[in-house]
Amino acid sequence: GPFTIHLNNRKILRGFFDAVGVRDSGLQALVLREIDKIDKRGADAVAQTLKGADFGFGQALVEQILGFVTTRSSTHASALAILGDLKARFPETAQGVDEMASVLDMIRQLGVPEDRYALNFSIARGLDYYTGTVYETLLDSHPQIGSICSGGRYEDLAGHYSRSKLPG
């Protein structure tokens, strides 16, 4: 049935967090795991977690994070506009924005209808080895099933287990 591929880039997320003052990579990883749950737990639950003892973020920062991660595009043009605005406001996201724009262009060139893909800044994939583009595909009529096809880009995962440097 109808599906939507939800796309993001971890470099966009990391750049955004750097820009708003969440610079520690370990803390960023923990926040990424929380925002990745926003579609399952809801924004209010994630907000409470971010304000809670484990994170201790202030209301203003939580609102800024939630405002960012609830951003969605509805068309190809809106996705490019969102990326352009993001790059202008948060230069730290530039590399991820450029990579995401390239992915969007390739998707369009492949003929994927623009109602079948969207930017979704809450897609983070919970595993720390993802470093670039990430995605989750949902069946539009059955969101309760969750993702039916997910993955993303990672650099040098093989290097954690061997002497080989293999991007993936």
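See the structure shown above.
This structure is a prediction, so every number in the text was calculated from the model and none was measured.

Visitor: Sorry if this is basic, but what is going on with the side chain of Arg10 here?
Guide: Considering the arrangement of structural elements, one finds Arg10 in helix α1 (residues 10-19). Only 2.8 Å separates the side chain of Arg10 from the backbone oxygen of Ala124, close enough to count as a polar contact.

Visitor: Would you take a moment to explain the layout of surface pockets for this structure?
Guide: With a probe scaled to a water molecule rolled over the atoms, the places where space remains empty come into view. In this structure, the largest pocket spans a volume of roughly 190 Å³. In this structure, the largest pocket is lined by Asp36, Asp39, Lys40, Ser122, Ile123, Glu136, Leu138, Pro143, Gly146 and Ser147. Of all elements in the fold, only α3 (38-41) and β3 (133-139) reach the threshold of two or more residues within the lining of the largest pocket.

Visitor: What is the right way to read the packing of α1 against helix α5 (residues 59-69) from this model?
Guide: Helix-helix packing is characterised by the crossing angle of the two axes and by the distance between the axes. α5 packs onto α1 with a crossing angle of 155° between their chain directions and a minimal axis gap of 12 Å. By the angle between their axes, α1 is roughly antiparallel relative to α5. The interaxial crossing formed by α1 with α5 has right-handed handedness. The segment α1 lies against α5, with Ile12, Leu13, Phe16 and Phe17 engaging Gln64, Ile65 and Phe68. Across the contact of α1 with α5, the residue classes tally to six nonpolar, one polar and no charged.

Visitor: It is not clear to me how the side chain of Thr133 should be interpreted in this structure. Could you clarify?
Guide: Within the element layout of this structure, Thr133 appears in strand β3. A polar side-chain atom of Thr133 sits 3.4 Å from a polar atom in the side chain of Asn9.

Visitor: Is there a simple way to explain the packing of α1 against helix α2 (residues 25-35) in this structure?
Guide: The geometry of α1 relative to α2 is characterised by a closest axis approach of 11 Å and an angle of 120° between their N-to-C directions. The angle between the axes of α1 and α2 places the two elements in the oblique class. The two elements α1 and α2 meet at a crossing, and its hand is right-handed. Counting all contacts with α1, which are made through Arg10, Leu13, Arg14, Phe17 and Asp18, the residues of α2 involved are Ser25, Gln28, Ala29, Val31, Leu32 and Ile35. The residue makeup of the contact of α1 with α2, split by class, is six nonpolar, two polar and three charged.

Visitor: When you look at the nonpolar core in this model, what are you seeing that I'm missing?
Guide: Looking at soluble globular proteins, one finds that nonpolar side chains tend to be buried together. In this structure, Phe17, Ile35, Phe57 and Ile65 are the most contacted members of the largest nonpolar core, which totals 37 residues. At the level of secondary structure, the elements contributing two or more residues to this core comprise β1 (3-9), α1, α2, α4 (43-51), α5, α6 (76-89), α7 (94-109) and β2 (117-119). Every residue in contact with Phe17, bar those within four places of it in the chain, is listed here: Val22, Arg23, Gln28, Val31, Leu32, Ile35 and Ile65.

Visitor: Is there a simple way to think about the pattern of salt bridges in this case?
Guide: Where side chains of opposite charge bring their charged atoms close, a pairing between them can arise. Throughout the structure, instances matching the rule amount to seven salt bridges. Residue Glu34 pairs with Arg41 through a salt bridge whose shortest N-O separation is 2.9 Å. Since its relative accessible area comes to 38%, Arg41 is described here as partly exposed. One continuous salt-bridge network, built from bridges that share partners, spans Glu34, Lys37 and Arg41.

So, how was this worked out
Residues numbered from 1 in each chain as written. Predicted model: local features only at pLDDT ≥ 70, side-chain atom pairs only at ≥ 80, totals over all residues. Heavy atoms only, no water. Helix = DSSP H or I, 4+ residues; strand = E, 2+ residues; numbered from the N terminus. Polar contact = N/O pair within 3.5 Å; in protein donor to acceptor, adjacent residues only side chain to side chain. 1 Å grid on protein atoms, 1.4 Å probe; cavity = no way out; pocket = protein on both sides within 12 Å on 5 of 7 lines; lining within 4 Å. Points joined across faces, edges and corners; volume = space filled by probe spheres on them. Axes fitted to C-alpha atoms, helices over the stretch in contact; angles between N-to-C directions. Parallel < 35°, antiparallel > 145°, perpendicular 65-115°, else oblique. Left-handed = near helix turned anticlockwise from the far one by under 90°. Contact = heavy atoms within 4.5 Å. Nonpolar A, V, L, I, M, F, W, Y, C, P; charged D, E, K, R; others polar. Core = buried A, V, L, I, M, F, W, Y, C linked by side-chain atoms within 4.5 Å. Buried < 20%, exposed > 50% of the residue type's maximum accessible area, 1.4 Å probe, protein only. Salt bridge = Lys/Arg side-chain N within 4 Å of Asp/Glu carboxyl O.

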